[in-house]
Amino acid sequence: MPIKKVVILDRDGVINADSDAFIKSPDEWVALPGALEAIARLNQAGYRVAIATNQSGIGRGLFDMDALNAMHLKMHRMAAAVGARIEAVFFCPHTAEDHCECRKPKPGMLKMITERFEIDPAHTPTVGDSLRDLQAGAALGHPVHLVLTGKGRKTLAAGGLPEGTIVHDDLRAFALDFLADVQE
Ligand SMILES: [Mg+2]
Ligand SMILES: [Zn+2]
């Protein structure tokens with residue numbers, strides 16, 4: 001069976017600018033420079049892109065599902081404008097107190113993506129800016145990539161990254177490095 005080409009991305013701090021005050025509305029959802037173009041580049045190389053994102057702002061009552069849907073509508077529209085397609089968005093609406101199985105560092109969302117796309121985790125990179133993104137990926141045997149946008153620099157400085165973590169300046173650099181690697 002040919003390897004299914006899928007890349008799993010965190011959202012805040014990877015695709016769009018992050019905020020300690022949460023991204024609560026479409027207005028606050030602002031793409032990072034080159035991020036959507038990086039997704040387009042991955043798509044052009046045959047990769048499907050899925051998102052796994054913690055959105056505890058819902059569980060905290062900071063915004064509702066309508067707002068999250070509106071943010072994602074904006075994201076999909078802006079992506080389409082540069083020829084990028086995000087195929088699926090998996091989100092965890094819970095807070096830590098909910099003790100769910102989907103909030104990263106728990107690997108629940110990645111498991112769902114593995115089942116939905118019938119992928120081999122060993123051939124499916126996950127990209128994030130926080131330690132918990134990397135921990136979730138490493139727990140299932142995904143190659144894990146840290147970008148230095150969002151919380152990435154803090155994450156790198158804090159150390160304790162899963163073994164084998166590969167570091168990139170941003171999603172654009174990830175796409176270029178990763179695609180150069182797989183085409184060798
Ligand atoms: Mg993030
Ligand atoms: Zn959850």
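Residues numbered from 1 in each chain as written. Chains lettered and ligands numbered in written order. Predicted model: local features only at pLDDT ≥ 70, side-chain atom pairs only at ≥ 80, totals over all residues. Heavy atoms only, no water.

You'll find the protein entered in an unreviewed UniProt entry as D,D-heptose 1,7-bisphosphate phosphatase, with Paraburkholderia sprentiae WSM5005 given as the organism. On record in UniProt, under Pathway (unreviewed entry), the comment for the protein is "Nucleotide-sugar biosynthesis; ADP-L-glycero-beta-D-manno-heptose biosynthesis; ADP-L-glycero-beta-D-manno-heptose from D-glycero-beta-D-manno-heptose 7-phosphate: step 2/4." Among the UniProt annotations of the protein, the heading Subunit (unreviewed entry) holds the following wording: "Monomer." (UniProt positions renumbered as here; feature names shortened; annotations may be inferred.)

Caption draft 1: Fine view of the coordination of the magnesium ion (ligand 1). On the protein side, the magnesium ion (ligand 1) has Asp10 (OD), Asp12 (O) and Asp129 (OD) as donor atoms, found 2.1 to 2.2 Å from it. Donor residues for the magnesium ion (ligand 1) sit on one chain with the sequence pattern D-x1-D-x116-D. Of this pair, Asp12 sits in the loop between β1 (6–9) and α1 (35–44) while Asp129 sits in the loop between β4 (126–128) and α5 (131–139), and the two are 117 residues apart along the sequence. Accessibility classification places Asp12 together with Asp129 in one group, the buried group. (Donors = N, O, S within 2.8 Å, 3.2 Å for Na, K, Ca; no water. Helix = DSSP H or I, 4+ residues; strand = E, 2+ residues; numbered from the N terminus. Buried < 20%, exposed > 50% of the residue type's maximum accessible area, 1.4 Å probe, protein only.)

Caption draft 2: Expanded view of the coordination of the zinc ion (ligand 2). Taken together, the protein donors to the zinc ion (ligand 2) comprise Cys92 (SG), His94 (ND1), Cys100 (SG) and Cys102 (SG), at separations of 2.0 to 2.2 Å. In this structure, the zinc ion (ligand 2) is coordinated by four donor atoms arranged in tetrahedral fashion, with angles at the metal of 100 to 116°. Ordering the donors of the zinc ion (ligand 2) by residue number gives the pattern C-x1-H-x5-C-x1-C. Taking the relative accessible area as the measure of exposure, Cys100 reaches 13% and is therefore buried. (Tetrahedral: all angles 85-135°; square planar, octahedral: opposite > 155°, others 65-115°.)

Caption draft 3: Representation of helix α3 (residues 65–81) in the model. Taking 1.5 Å per residue, 17 residues should reach 24 Å; α3 reaches 24 Å between its end C-alpha atoms and fits that length. In the core, the buried residues of α3 are packed alongside α1, β2 (48–54), α2 (56–59) and β3 (88–92). The opening residue of α3 is Asp64, an N-cap whose side-chain oxygen sits 3.2 Å from the backbone nitrogen of Asp66. Where α3 ends, the next residue or the one after it, Gly83, has phi of about 80°, a positive value. (Expected span 1.5 Å × (residues − 1). Contact = heavy atoms within 4.5 Å. Polar contact = N/O pair within 3.5 Å; in protein donor to acceptor, adjacent residues only side chain to side chain.)

Caption draft 4: Representation of the UniProt feature "site: Stabilizes the phosphoryl group" (unreviewed entry) in the protein. As annotated by UniProt and renumbered to match this structure, "site: Stabilizes the phosphoryl group" (unreviewed entry) occupies Thr53 and Lys104. Their sequence span is 52 residues, while the largest C-alpha to C-alpha distance among them is just 8.0 Å; these annotated residues converge on one region. When the annotated set is filtered for residues lining the largest cavity, what remains is Lys104. When sequence neighbours within four positions are dropped, the list of residues in contact with Thr53 reads Asp10, Arg11, Val89, Phe90, Phe91, Cys92, Lys104 and Met109. At 2.7 Å, the side chain of Thr53 forms a polar contact with the side chain of Gln55. Note on placement: Lys104 falls in the loop between β3 and α4 (108–117). At 3.1 Å, the side chain of Lys104 forms a polar contact with the side chain of Asp10. (1 Å grid on protein atoms, 1.4 Å probe; cavity = no way out; pocket = protein on both sides within 12 Å on 5 of 7 lines; lining within 4 Å.)

Caption draft 5: Summary view of unusual backbone geometry. The omega angle of the peptide bond from Lys104 to Pro105 is 20°, so this bond is cis rather than trans. Tracing the backbone shows Pro105 in the loop between β3 and α4. Although it is not a glycine, Phe22 sits at a positive phi angle of roughly 75°. Examined against the element boundaries, Phe22 turns out to sit in the loop between β1 and α1. Even without a glycine there, the phi angle at His99 is positive, about 50°. If you trace the backbone, His99 turns up in the loop between β3 and α4.

Caption draft 6: Examining the side chain of Thr95 more closely. Structurally, Thr95 can be placed in the loop between β3 and α4. Classification of Thr95 by relative accessible area gives buried; the value is 10%. Those residues in contact with Thr95 that sit more than four places away from it in its chain are Ser56, Gly59, Arg60 and Arg103.

Caption draft 7: Local environment of the UniProt feature "active site" (unreviewed entry) in the protein. When the UniProt feature table is mapped onto this chain, "active site" (unreviewed entry) is found at Asp10 and Asp12. Of the annotated set, the members that line the largest cavity are Asp10. Note on placement: Asp10 falls in the loop between β1 and α1. Ignoring anything within four residues of it in the chain, the contact list for Asp10 reads Ile15, Ile51, Ala52, Thr53, Lys104, Val127, Gly128, Asp129 and Asp133. Residues in contact with Asp12, not counting those within four places in the same chain, are Asp18, Ile23, Gln55 and Asp129. At a separation of 2.7 Å, a polar atom in the side chain of Asp12 contacts the side chain of Arg11.

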